[in-house]
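Notes for the structure review
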Amino acid sequence: MTKSKFDAIVIGAGMSGNAAAYSMARRGLKVLQLERGEHSGSKNVQGAILYANMLEAIIPNFRDDAPLERHLVEQRFWLMDDSSHTGVHYRSDDFNELKPNRYTIIRAQFDKWFSSKVREAGGTVLCETTATKLARDRSGSVIGVYTDREGGVILADVVVLAEGVNGLLGTRAGLRDMPKPENVALAVKEMHFMPEEVIAERFGLTGGEGCVIEAGGTISRGMAGLGFLYTNKESISVGIGCLVSGLAESMENPYRLLDAFKQHPSIRPLLAGSEIKEYAAHLIPEGGFKAIPQLFGNGWVVVGDAAQLNNAVHREGSNLAMTSGLMAGEAIFQIKSRGGLMTKHNLSLYKGMLDKSFVMKDLMKHKDLPSLLHTDSHNFLMTYPTLISQAAQNFVRVDGAPKINREKATAASFINARSRWGLISDAVRSAVSWR
Amino acid sequence: MVARKNETPANAVGRASSGKKLLKCFEDHRHVWVFMELERGKVHPVSIELLGEGRRLADKLGVQLAGVILGSSEGVGTKPAIEEAFAYGADIAYLVESPLLANYRNEPFTKALTDLVTTHKPEILLLGATTLGRDLAGAVATTLQTGLTADCTELDVDGDGSLAATRPTFGGSLLCTIYTLNSRPQMATVRSRVMATPQRADKPIGRVIQHELTMVEEAIVTKVLAFLCNDGSEQSNLANSDIVVGGGLGLGAAGNLQHLRNLATTIGGGVGCSRPLVQKGWMPADRQIGQSGHTIRPKLYIAAGISGAVQHRVGVEGADLIVAINLDQKAPIFDFAHIGVVACALEFLPALTEAFARRMPPHNSIKGMDRGRLDDQE
Amino acid sequence: MHIVVCIKQVPDSAQIRVHPVTNTIMRQGVPTIINPYDLFALEEALQVRNRYGGEVTVLTMGPPMAEQALRKALTHGADRAVLLTDRHFAGSDTLATSYALSQAVAKIGESYGAPDIVFTGKQTIDGDTAQVGPGIAKRLNLQQLTYVTKIVSIDPTSRELMVERHAESGTQMLKSTLPCLITVLEGVNAIRRGSLDDAFRAARSPVLKWGAADAGIGELTKCGLRGSPTVVKRVFAPGPRAEKAMQMDINDKTLAEVAADTVAAIFAREPVLERKLTSHGDR
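This is a predicted model, so every value here is computed, not measured. (Residues numbered from 1 in each chain as written. Chains lettered and ligands numbered in written order. Predicted model: local features only at pLDDT ≥ 70, side-chain atom pairs only at ≥ 80, totals over all residues.)

**Notes on the overall build of chain B**
In terms of helices and strands, chain B carries nine helices and 18 strands. Taking all 378 residues of chain B together, 54% fall into the buried category. Contacts spanning at least 24 positions in sequence make up 68% of the contacts within chain B whose residues lie at least 6 apart. (Helix = DSSP H or I, 4+ residues; strand = E, 2+ residues; numbered from the N terminus. Buried ≥ 20, exposed ≤ 12 C-beta atoms within 10 Å, placed from the backbone. Contact = placed C-beta atoms within 7 Å.)

**As for the domain arrangement of chain A**
Residue and element names in this part refer to chain A. Split into domains, chain A comes out as domain 1 (6–67 + 105–177 + 288–365), domain 2 (182–285) and domain 3 (369–434). Here domain 1 and domain 2 have C-alpha centroids that lie 28 Å from each other. Each side of the interface is counted separately: domain 1 has twelve residues, and domain 2 has 17 residues. Across the side of domain 1 that touches domain 2, the residue classes break down as five nonpolar, five polar and two charged. (Domains from an automatic or database assignment. Nonpolar A, V, L, I, M, F, W, Y, C, P; charged D, E, K, R; others polar.)

**Topic: the nonpolar core**
Residues Ala8(A), Ile9(A), Val159(A), Val160(A), Val301(A), Val68(B) and Val5(C) are the most contacted members of the largest nonpolar core, which totals 244 residues. What Val159(A) contacts, discounting residues up to four positions off in sequence, is Ile9(A), Ile11(A), Leu134(A), Val142(A), Val145(A), Gly299(A) and Trp300(A). Core analysis: the second largest hydrophobic core is formed by 53 residues, Leu238(B), Ile267(B), Ala319(B) and Ile266(C) among them. (Core = buried A, V, L, I, M, F, W, Y, C linked by C-beta atoms within 7 Å.)

**Here's the deal with the interface of chain C and chain B**
With 75 residues of chain C at the contact, the number on the chain B side is 87 residues. Counting residues per element, the side of chain C that touches chain B draws most heavily on helix α6 (residues 255–269) of chain C, at ten residues. In terms of residue class, the side of chain C that touches chain B is built from 36 nonpolar, 24 polar and 15 charged. Alignment of strand β13 (residues 223–229) of chain B against strand β11 (residues 170–177) of chain C, held across six bridges, turns out to be antiparallel. (Pairing = 2+ DSSP bridges.)

**Notes on the sheet that holds strand β14 (residues 243–247) of chain B**
Hydrogen bonds between backbone groups are what pair the strands of a sheet, and the pairing can be parallel or antiparallel. Taken in spatial order, the six strands line up as β15(B)-β14(B)-β16(B)-β17(B)-β18(B)-β15(C) in an open sheet, and their pairing is parallel. The open sheet has two free edges, formed respectively by β15 (270–273) of chain B together with β15 (246–247) of chain C, since each of these has just one partner strand. As paired elements, β14(B) and strand β16 (residues 300–304) of chain B share five bridges and run parallel to each other. The residue bridging Gly247(B) from the neighbouring strand is Ala304(B), located in β16(B). Along the sheet, helix α6 (residues 257–267) of chain B contacts β14, β15 and β16 of chain B; its crossing angle with β14(B), the most-contacted strand, is approximately 175°. (Axes fitted to C-alpha atoms, helices over the stretch in contact; angles between N-to-C directions.)

**Considering the pairing of strand β17 (residues 321–325) of chain B**
Residue and element names in this part refer to chain B. The element β17 is extensively covered by neighbouring structure, given that four of its five residues are classed as buried. Where β16 meets β17, five bridges bridge the pair, whose relative direction is parallel. Pairing of tyrosine 301 across the sheet is with isoleucine 322, part of β17. Following the backbone out of β16, through helix α8 (residues 310–316) and into the adjacent parallel β17, one traces a crossover that is right-handed. Note that β17 and strand β18 (residues 339–341) share three bridges and pair parallel. Looking across to β18, one finds that isoleucine 325 is bridged to valine 341. (Right-handed = clockwise from strand over helix to strand, strands pointing away.)

**Brief notes about the environment of Phe77(A)**
All names here are of chain A. Summarising the element assignment, phenylalanine 77 is placed in strand β4 (residues 71–80). When the 15 C-beta atoms within 10 Å are taken as the criterion, phenylalanine 77 is described as partly exposed. Between the C-alpha atoms of phenylalanine 77 and tyrosine 90, which are 13 residues apart in sequence, the distance is 8.6 Å. Aside from chain neighbours lying at most four places away, what touches phenylalanine 77 is Gly87, Val88 and Glu214.

**Remarks on the arrangement of the chains**
There are two pairs of chains in contact here; the most contacts are made by chains B and C. Taking C-alpha atoms as the reference, chain A and chain B come no closer than 17 Å and do not contact one another.

**Quick word on the domain arrangement of chain B**
Residue and element names in this part refer to chain B. The domains assigned to chain B are domain 1 (20–219) and domain 2 (236–365). Each of domain 1 and domain 2 was reduced to a C-alpha centroid, and the two centroids are 33 Å apart. Across the contact, eleven residues belong to domain 1 and ten residues belong to domain 2.

**A closer look at the interface of chain C and chain A**
Each side of the interface is counted separately: chain C has eleven residues, and chain A has 13 residues. Per-class residue counts for the side of chain C that touches chain A are four nonpolar, three polar and four charged.

**Section: the sheet that holds strand β11 (residues 186–190) of chain B**
All names here are of chain B. Read across the open sheet, the seven strands follow the order β7-β11-β6-β1-β4-β5-β12; overall the sheet is parallel. Here the strands that pair on one side only, and so sit at the sheet edges, are β7 (148–152) and β12 (207–211). The mean angle between the axes of side-by-side strands here comes to 25°, regardless of whether they run parallel or antiparallel. As judged from the three bridges shared by β7 and β11, these two strands associate in the parallel manner. Across the sheet, the residue bridging to threonine 149 is alanine 188, located in β11.

**Observations concerning the packing of helix α9 (residues 345–359) of chain B against α6(C)**
Packing of α9(B) against α6(C) brings their axes to within 8 Å, and their N-to-C directions diverge by 55°. By the angle between their axes, α9(B) is oblique relative to α6(C). Viewed along their axes, α9(B) and α6(C) form a crossing whose handedness is right-handed. Mapping the contact onto sequence places Glu347(B), Phe348(B), Ala351(B), Leu352(B), Glu354(B), Ala355(B), Phe356(B) and Arg359(B) in α9(B) and Leu255(C), Ala256(C), Ala259(C), Ala260(C), Thr262(C) and Val263(C) in α6(C). Of the residues that constitute the contact of α9(B) with α6(C), the class distribution is ten nonpolar, one polar and three charged. (Parallel < 35°, antiparallel > 145°, perpendicular 65-115°, else oblique. Left-handed = near helix turned anticlockwise from the far one by under 90°.)

This is how it looks when you write it as structure tokens:
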């Protein structure tokens, strides 16, 4: 059986790749997907949270058979210093709806399921096959790929690059630059196993309910970073990530940061008695809107993490990945059905769809936040957490000192640390970046 | 074969052990047999070891021990083997002598052995787990539709007389004891050096029961065209070494094996390794120490960076003195070592080599003593 | 030629761990692989096919997830894959396994042409018995050639073949006739990476799934637990020796000091060894 020409080749079987491959295969296009790992998901690492809304747009009935861990009913935001945390929790029974909005998932299993859907829809998926080079015609348009298997070039009308944040195919071909260290975070995570009942007890969960903790502060030693803890059915995912540039400067070891995070008095009791079964590391794009590369060209489009479509502020990446994959697939289908060629001009339809969607709108909104955090992370992540922790303690402790004195002490501590001007400027810049 | 009445679903082990009782037709199977593997008329050491073990089992059961000899009258003939059988404790020798049995081939050997078994009905049949033994045992067990447990590290008989055959399982992380409950003979193979070598006693030749092999050469499809003897220098002699030094994953990288070799050269020991190193290609397969490699019984075994999984343990437990070096104080090897050193193998090996060297006169590290081969100059 | 290769999906035993407290096997998350010994058999089969023409069918008996192993084998270049899976096979020892497999091989022969060679690996890393190959040979009346290191030649017309077989102290040169069963020694070849064509074929080929009935297995009493004369009665971890290991004192000592102490301890226990190593001019 010889390989014939495909309508599209999708490089990568992660979130964006599976979404693209599925949406095209479902529409009857002849799709080939190449994954370098042993199976879909073997090279992917994520917390992980699944955003149901975006997956519904691709597979409306995914809840029927997708492997889902817990649906989230509680979100905790913690500002941590070395011995305390000050937090805001939101929990609502509203999230116990018929079609819950967010779930924790385990990527190794979820990706396998998603990949089986691609196959069911008629896509051809080759694993343990790495695309090594883009094939181009004389005019420079992409017409296919070479792989690390013997057999020459595979031709297609369009190549969808879903190769992840450090994918080499597109960068080697000059379609985009390698991501800069200040635009990428290195996250490390572990999976801690404990019985379902223990997790339920510890977090006050019933049935399939789940909880998420996201934490910032001194845990990242002044570098821009975020810690997290997600409840799965029988395990807890715990991890921490920091900007690569920060790690390089401080020569910190991310696993040491994770260890310190796990030992923190607020985190340690949540993990007590667990058994570590897996650990992993992954790079996450953090550059936001300003880091997005050229998204389309003659015979190619780029989706997902490879396109830096990651909203670090809302810690969202997989939904943007899925949606970008879906839109790429839709755009390609539309061009094909009207008999068009996969030219740069025609493929701009993909970017147009992205611009109109939450993907670009959200990224644009927060486009200044990455640089704010990058230049001022020490301030926000070391100084403020300590100040706030002290302020909270002043409020909570009862020791006979008049309350007015305590409040003055708190105000003074802030002003001493940041000066009035500093405080105002921090507030304004944050507000502006947020808006 | 067996009619099963009213099988009820139950957990696997329960059902298996309750539903299997020895059929009446097997109740007359008695005595312990040891297949004696010959190489050019000489008895393979594993068969001697099995005679020792077989004698012990037969005594426990109150039955006789028989040696089974299949060979030809060529060369030295079968008489030396028969003598060995009685010298190591057999009460009977079963003999099939035929030119068809001059060189090992599966067909005639399987026929000869199964004929003997169906005629004389042993309850236990033991073979060495050599390439020959395993080739033969599988065919015989299938022909007789009986149970065969391979590579046993321990044999015993229960109160009711059944053979309890113990061997590693789950890739060598645990041990399991296996029984053949409802058929006979109960077959087991055992690797070289797992059982101790018994004492030899000069005894007159006892009762020999001889059978004919009713086969003709023309009917046998496979022919032996030639036999190329191994050039001895290629083989490691770990099984017979008095001092063995073994390395495991704790050494970190293939390049670090040099430290192991230096120690071995200094004290005159053979060099071996645990299974993962063979799997990684750091050392050839014939250097593997462990249940699926060589079982060793040296006076001194030094294990560097080896965790001590069961399948390794059963391969070295016969050593007089086991010294273990491992950075992990909880490593299982410390459960059965005699002397333990919690240290990084990579760092400790050179220190140990140096410490030995200081106690030894300079030329002793080159001259051989009672030691194994040093073909570690790779 | 029609070549059948029997493979087995096994847990990657290098990664199996025993729980330090409960002594149970921690099987979760242990990845499964094709039994490494079977890959040598598969490669040998592919080489024979490429040299003499024909087809390679891969067969395995296992639970439904053993399909993964068959897909991998297809990716390496096999032409066809059959999964023999049925709850009646659960708990099979080697005798019951060789029964089921030999019936399936016979059925494959009926459907796709009688096999000329059946290949198996030397043994499995989880069972380590090396018994199933010989069992199949006996049942199907195939010439049994184990521990083969090299297939020297095959004459398709006369159906004669010559192989080299590894024996304890040397190598046998054997001449035999097809059909035969060959178990291949490890290390004799290296499994090839499939080409794009192989990968495409693997992705698109259905894996044939046969239950006991499909494989023409009539006597279910010969399968699974019921058909297994051997029974595992006990699984256990060996206990520590009664006399604990003497731990060398490493506190506040240099490595050299600990090493010297260790040598002293060794010599204290093995005076004969001490004499041999430390005396002068001994032979």
